[in-house]
Amino acid sequence: MLWAVPDQPTLEDFGQDVWWIVLIKVLGVFVILVLLTLFAIVFERKVVARMQQRIGPNRVGPRGYLQSLADGLKLAFKEDIMPALADKPVYFLAPVIATVPAFLAFSVIPMGPSVSIFGEVTPLQLTDAPIGVLIVLACSAMGIYGIVLGGWASGSTYPLLGSMRSAAQMISYEIAMGLSIVAVFLYAGSMSTSEIVAAQADGNQLSFFGWEFTGPSWYGILLPVSFVIYAIAVVGETNRAPFDLPEAESELVGGFHTEYSSLKFALFFLAEYINMVTVSALAATLFLGGWRAPWPLSIWDGANTGWWPLLWFFLKVVAALFVFIWLRGTLPRLRYDQFMRFGWKVLVPVALVWILIVATMRTVSRETDLTTGEVTLYVGVPAAVIVLVALWFGGRASNKDTRLAAVEAAAGSNHPTEPEVLPPAGSRRRPTGGPSRAEGGFPVPPMDLKVPPSPGCGASRWAATARPS
């Protein structure tokens, strides 16, 4: 392989392990994902509490760190309720279909170099393939079926609505996510996750008008547009705030899993957090050098050997999880039309234009004698200017009506609206004298509603305090 370095696994190293090493790896991946899920839940609650100047979980375990474990046990032992109108086989299988692909996607994520486990040298990766990244995309696409089937099999309208908007959202942003990593394939020359990590091993040799230097090799720096598009798309792909529209509690109660309880609801919850961990690990693999130590830790010769790379890899994953949590504690939820418009009219066109620019720059640099700086100056800068000008004109054209209304309002030309006139009350009048709902009136709750007192001693106290003296 072109980027073969000491301890760097190659595609030939996979498929050679003995059966008990494979079992250890499978068990290790499962345990790591479950532990990271428990950690992510507590981490999210602690970080959001810190942002909102609250204490957060502080009862279960030392400083509340076992709260997510208690929540998982509580969900597992709660009463399992199945709706009478549910399609029972599909209702049971939907959470499993959503969870299993989430575990499978992590099988091609490289977590470290080749190490010795009980005398057997093996890569810290379950498996790899020439199309390893496509396996992750395929598993994320399979998870959509679990959500859609879960909403449909519940036999209720609101879960069905939630599953439909989930399908539209996840498919839309999965397209943007897939387009964002095409530029990585162009630079790395491979779709294998281990080879993409190896391609970011050494610095990138750059020549800028005769001045040669070693630049960064992380694709997050070399391909910033791809990195930004990927970061935005995976937030929508994992249904996280501010893109958590499938679970919009204010509108749909709970979205596609409204009718689920107990262990089945816990599986949907587990799939969401495992997907967060998987896309964070994929971001570290594709854009942040994978398991390799960042500078200046990479100066140390032993930083990328042995078991140390596991530490650097999981630190990058935790940093990506923090960004998910940061967004949830900062940004409000978008409207559904804004969200879909942003995905189809902004992310997808920008990703397509960026792929065209990257492919052009790669072709020009390969077919001509121009240096990296000259290619950037003659191709990259004009393309960036054209894109920015097009976005500016497009933004002004789309916001023209809003700008004109704002100018009129500032000049005092807006007139107050006429008072709203209700239709006349007919024969079917309400007790208050207003028009009925059928005749055009607004639905108003009864103003003379009487709430019965609570049973027990509280009712006696309420009656005593309510009795006139």
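Not measured: the values here are computed from a predicted model.

Definitions and cut-offs
Residues numbered from 1 in each chain as written. Predicted model: local features only at pLDDT ≥ 70, side-chain atom pairs only at ≥ 80, totals over all residues. Heavy atoms only, no water. Helix = DSSP H or I, 4+ residues; strand = E, 2+ residues; numbered from the N terminus. Buried < 20%, exposed > 50% of the residue type's maximum accessible area, 1.4 Å probe, protein only. Contact = heavy atoms within 4.5 Å. Areas by Shrake-Rupley, 256 points an atom, 1.4 Å probe, with all protein chains shown as cover. Expected span 1.5 Å × (residues − 1). Bend = angle between axes of the 7 residues up to and from the residue. pLDDT = per-residue confidence, 0-100. Axes fitted to C-alpha atoms, helices over the stretch in contact; angles between N-to-C directions. Parallel < 35°, antiparallel > 145°, perpendicular 65-115°, else oblique. Left-handed = near helix turned anticlockwise from the far one by under 90°. Nonpolar A, V, L, I, M, F, W, Y, C, P; charged D, E, K, R; others polar. Polar contact = N/O pair within 3.5 Å; in protein donor to acceptor, adjacent residues only side chain to side chain. Pairing = 2+ DSSP bridges. Patch = residues over 30% accessible without salt bridge, like charges linked within 9 Å, V, L, I, M, F, W, Y side chains within 5 Å. Salt bridge = Lys/Arg side-chain N within 4 Å of Asp/Glu carboxyl O. Core = buried A, V, L, I, M, F, W, Y, C linked by side-chain atoms within 4.5 Å. Phe/Tyr/Trp six-rings, centres within 6.5 Å; stacked < 30°, edge-to-face > 60°. Lys NZ or Arg CZ within 6 Å of the ring centre and 35° of its normal.

Novice: Explain the overall build of the protein chain to me, and be specific about the residues and the numbers.
Specialist: When helices and strands are tallied, the protein chain shows 16 helices and four strands. Counting across all 469 residues of the protein chain, residues that qualify as buried make up 41%. Contacts spanning at least 24 positions in sequence make up 72% of the contacts within the protein chain whose residues lie at least 6 apart. Here the protein chain has roughly 26,100 Å² of accessible surface; of this, 68% comes from carbon and sulfur atoms.

Novice: Pulling in residues and values, what's your account of helix 13 (residues 336-367)?
Specialist: Quick reminder: α-helices carry 3.6 residues per turn. Residues three or four places apart thus point the same way. Here helix 13 contains 32 residues, and its C-alpha end-to-end distance of 45 Å stays within 8% of the 46 Å for a straight helix at 1.5 Å per residue. Along helix 13, the sharpest change in direction is near 30 degrees and occurs at phenylalanine 342. If you check which residues of helix 13 are buried, you get Phe339, Met340, Gly343, Leu347, Val348, Ala351, Trp354, Ile355, Ile357, Val358 and Met361.

Novice: Pulling in residues and values, what's your account of the confidence of the model for the protein chain?
Specialist: Taken residue by residue, the protein chain gives an average pLDDT of 80. The fraction at 70 or more is 79%. Every residue in residues 1-5 is under pLDDT 50, and counting partners more than four places away or in other chains gives eleven contacts. pLDDT under 50 marks residues 457-469. Its contacts with residues more than four places away, or in other chains, come to three contacts.

Novice: Outline the packing of helix 5 (residues 157-180) against helix 13, supporting the account with residue identities and numerical values.
Specialist: One can describe the packing of helix 5 onto helix 13 by two numbers: an axis separation of 8 Å at closest approach and a directional angle of 20 degrees. One way to sum up the angle between helix 5 and helix 13 is to call them roughly parallel. Both helix 5 and helix 13 take part in a crossing whose hand is left-handed. Contacts between helix 5 and helix 13 involve Arg165, Ala168, Gln169, Ser172, Tyr173, Ile175, Ala176 and Leu179 from the first element and Tyr336, Phe339, Met340, Phe342, Gly343, Trp344, Leu347, Val348, Ala351, Leu352 and Ile355 from the second. For the contact of helix 5 with helix 13, a count of residues per class yields 15 nonpolar, three polar and one charged.

Novice: An account of the side chain of serine 180 is needed here, citing residue identities and associated values.
Specialist: Take serine 180: it is sitting in helix 5. With a relative accessible area of 1%, serine 180 lands in the buried category. At a separation of 2.6 Å, a polar atom in the side chain of serine 180 contacts the main-chain carbonyl oxygen of methionine 177. Residues within four places of serine 180 in sequence aside, it is in contact with Ser226, Ile229, Tyr230 and Phe287.

Novice: Run through the pairing of strand 2 (residues 120-124), naming residues and quoting values.
Specialist: In this sheet, strand 2 lies alongside strand 1 (residues 112-117) in antiparallel orientation, the contact comprising five bridges. Each residue of the ladder has a partner; that of glycine 112, found in strand 2, is leucine 124. From the end of strand 1 to the start of strand 2, which pair antiparallel, there are two residues, and phenylalanine 118 there has a positive phi angle of about 55 degrees.

Novice: I'd love a proper account of a nonpolar patch on the surface, names of residues and values included.
Specialist: Among the surface-exposed residues, Leu370, Leu377, Tyr378, Val381, Val385, Val389, Trp392 and Phe393 lie close enough to one another that they form a single nonpolar patch of about 760 Å² accessible area. Relative to the helices and strands, valine 381 is located in helix 14 (residues 372-398). Given a relative accessible area of 41%, valine 381 falls into the partly exposed group.

Novice: Account for the nonpolar core, with residues named and values stated.
Specialist: Membership of the largest hydrophobic core comes to 69 residues, with the highest contact counts inside it found for Phe106, Tyr230 and Phe313. The leading source of residues in this core is helix 11 (residues 262-287), at twelve residues. If sequence neighbours within four positions are ignored, phenylalanine 313 has contacts with Phe106, Ile109, Pro110, Met111, Ala281, Ala284, Thr285, Gly290 and Trp291.

Novice: Report on the packing of aromatic side chains, specifying residues and quantitative values.
Specialist: Applying the stated criterion across every chain, the model contains 18 aromatic pairs. An angle of 15 degrees between the planes, with centres 5.1 Å apart, marks the rings of phenylalanine 39 and phenylalanine 43 as stacked. With phenylalanine 39 and phenylalanine 43 both in helix 1 (residues 19-51) and four residues apart, this pair spans about one turn of that helix. Looking at phenylalanine 39, the relative accessible area reads 35%, which means it is partly exposed. Taking NZ or CZ as reference, lysine 46 lies 5.3 Å from the ring centre of tyrosine 65, over its face. Over the ring of tyrosine 336 we find arginine 165; its NZ or CZ atom is 5.1 Å from the centre of that ring.

Novice: Describe in detail the environment of phenylalanine 265, supporting the description with residues and values.
Specialist: Relative to the helices and strands, phenylalanine 265 resides in helix 11. Under the relative-accessibility criterion, phenylalanine 265 is labelled partly exposed at 22%. Residues phenylalanine 265 and proline 95, 170 residues apart in the sequence, show an inter-C-alpha distance of 7.5 Å. When neighbours within four sequence positions are excluded, phenylalanine 265 is seen to be in contact with Leu75, His257 and Tyr260.

Novice: If you had to explain the pattern of salt bridges to someone new, which residues and values would you point to?
Specialist: All chains considered together, the criterion is met by eight salt bridges. Among the ionic pairs, aspartate 337 bridges to arginine 335, the shortest N-O distance being 3.0 Å. The class for arginine 335 is partly exposed, based on a relative accessible area of 48%. Measuring nitrogen to oxygen at the nearest pair gives 3.6 Å for the salt bridge that ties aspartate 337 to arginine 341. Of the two residues, aspartate 337 and arginine 341 are both situated in helix 13; the distance of four residues between them amounts to about one turn of the helix. Note on aspartate 337: relative accessible area 34%, which makes it partly exposed. Judged by relative accessible area, which is 43%, arginine 341 ranks as partly exposed. Residues participating in the shared-partner salt-bridge network are Glu44, Arg240, Glu272 and Arg328.

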